[in-house]
Amino acid sequence: MKSVNRRDFLKLSGSTVIGLTLGGVALRAQAQEQLSADDPTAKALNYTPSSTVEGAKCANCMYVQGADGEQHRPCNIFPNKLVNADGWCSAWVKKPG
């Protein structure tokens, strides 16, 4: 097995961190289309743009991304789609903390 010297290890580690950071930004940038209630995945998860469950909405779900206060934000459950911050789906899990 080939040993890796410290300089090569640090170069590889730095490149990996930069790649992961830029990759995450690129994924969020792709999410441009608002999720429609007619979307097959949205139907399967009972998504609604206006939550009827008290205290549960996309804005306080652990899967939603983006900045607090934005009305439409990316969601890990619905790739490349933006969900309404006031929405809800059956995959909702309270954001920790």
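The preceding data block contains the structure.
A quick note: this is a predicted structure, and the numbers were derived from the prediction, not measured. (Residues numbered from 1 in each chain as written. Predicted model: local features only at pLDDT ≥ 70, side-chain atom pairs only at ≥ 80, totals over all residues. Heavy atoms only, no water.)

Student: Sorry, what's going on with the packing of aromatic side chains here?
Tutor: Centre distance and the angle of the planes are the two values used to describe a pair of aromatic rings. Applying the stated criterion across every chain yields a total of 1 aromatic pair. Relative to F78, the ring of Y47 has its centre 5.8 Å away and its plane inclined at 65 degrees; by these criteria the two rings are edge-to-face. With Y47 in the loop between α2 (40–44) and β2 (72–74) and F78 in the loop between β2 and β3 (81–84), the pair connects residues that are 31 residues apart, well separated along the chain. By relative accessible area, which is 7% here, Y47 ends up buried. For F78, a relative accessible area of 2% gives the class buried. (Phe/Tyr/Trp six-rings, centres within 6.5 Å; stacked < 30°, edge-to-face > 60°. Helix = DSSP H or I, 4+ residues; strand = E, 2+ residues; numbered from the N terminus. Buried < 20%, exposed > 50% of the residue type's maximum accessible area, 1.4 Å probe, protein only.)

Student: Would you mind going over the pattern of salt bridges with me for this structure?
Tutor: Note on pairing: side chains with opposite charge can pair once their charged atoms come close. Per the counting criterion, the structure on display carries 3 salt bridges. For the salt bridge of E33 with K81, the shortest nitrogen-to-oxygen distance reads 3.2 Å. Of the two residues, E33 is situated in strand β1 (residues 33–34) and K81 in strand β3; the sequence distance between them amounts to 48 residues. A residue is classified by how much of its surface remains accessible, and E33, at 48% relative accessible area, is partly exposed. (Salt bridge = Lys/Arg side-chain N within 4 Å of Asp/Glu carboxyl O.)

Student: Could you clarify how one ought to interpret the sheet that holds β1 in this entry?
Tutor: In a beta sheet, neighbouring strands are held together by backbone hydrogen bonds and run either parallel or antiparallel to one another. Taken in spatial order, the 3 strands line up as β1-β3-β2 in an open sheet, and their pairing is mixed. Strand pairing shows two members of the sheet lacking a second neighbour, β1 and β2, which therefore form its edges. Alignment of β2 against β3, held across 3 bridges, turns out to be antiparallel. Bridging from a neighbouring strand, H72 pairs with N84 of β3. (Pairing = 2+ DSSP bridges.)

Student: Looking at this structure, I do not really get the pairing of β3. What am I missing?
Tutor: Two faces make up the sheet, and in a regular strand the side chains alternate between them. A two-sided burial pattern is seen for β3, the buried positions comprising K81 and V83 on one face and L82 and N84 on the other. Here β2 folds back onto β3 in antiparallel fashion, the turn holding 6 residues, of which N80 has a positive phi close to 65 degrees.

Student: How should I be thinking about the environment of W88 in this particular structure?
Tutor: Within the secondary structure layout, W88 lies in the segment after β3. Not counting residues up to four positions away in its chain, the partners in contact with W88 are N46, Y47, T48, S51, V53, A56 and C58. (Contact = heavy atoms within 4.5 Å.)

Student: Even after reading the chapter, I still don't get the nonpolar core, so can you show me in this structure?
Tutor: If you look at soluble globular proteins, the nonpolar side chains tend to sit buried side by side. Of all hydrophobic cores here, the largest spans 10 residues; its members are L35, A42, Y47, C58, V64, C75, F78, V83, C89 and A91. If near-sequence neighbours (up to four positions away) are discounted, F78 is found in contact with L35, T41, A42, L45, Y47, V83 and C89. (Core = buried A, V, L, I, M, F, W, Y, C linked by side-chain atoms within 4.5 Å.)

Keep in mind these values describe shape, not function.
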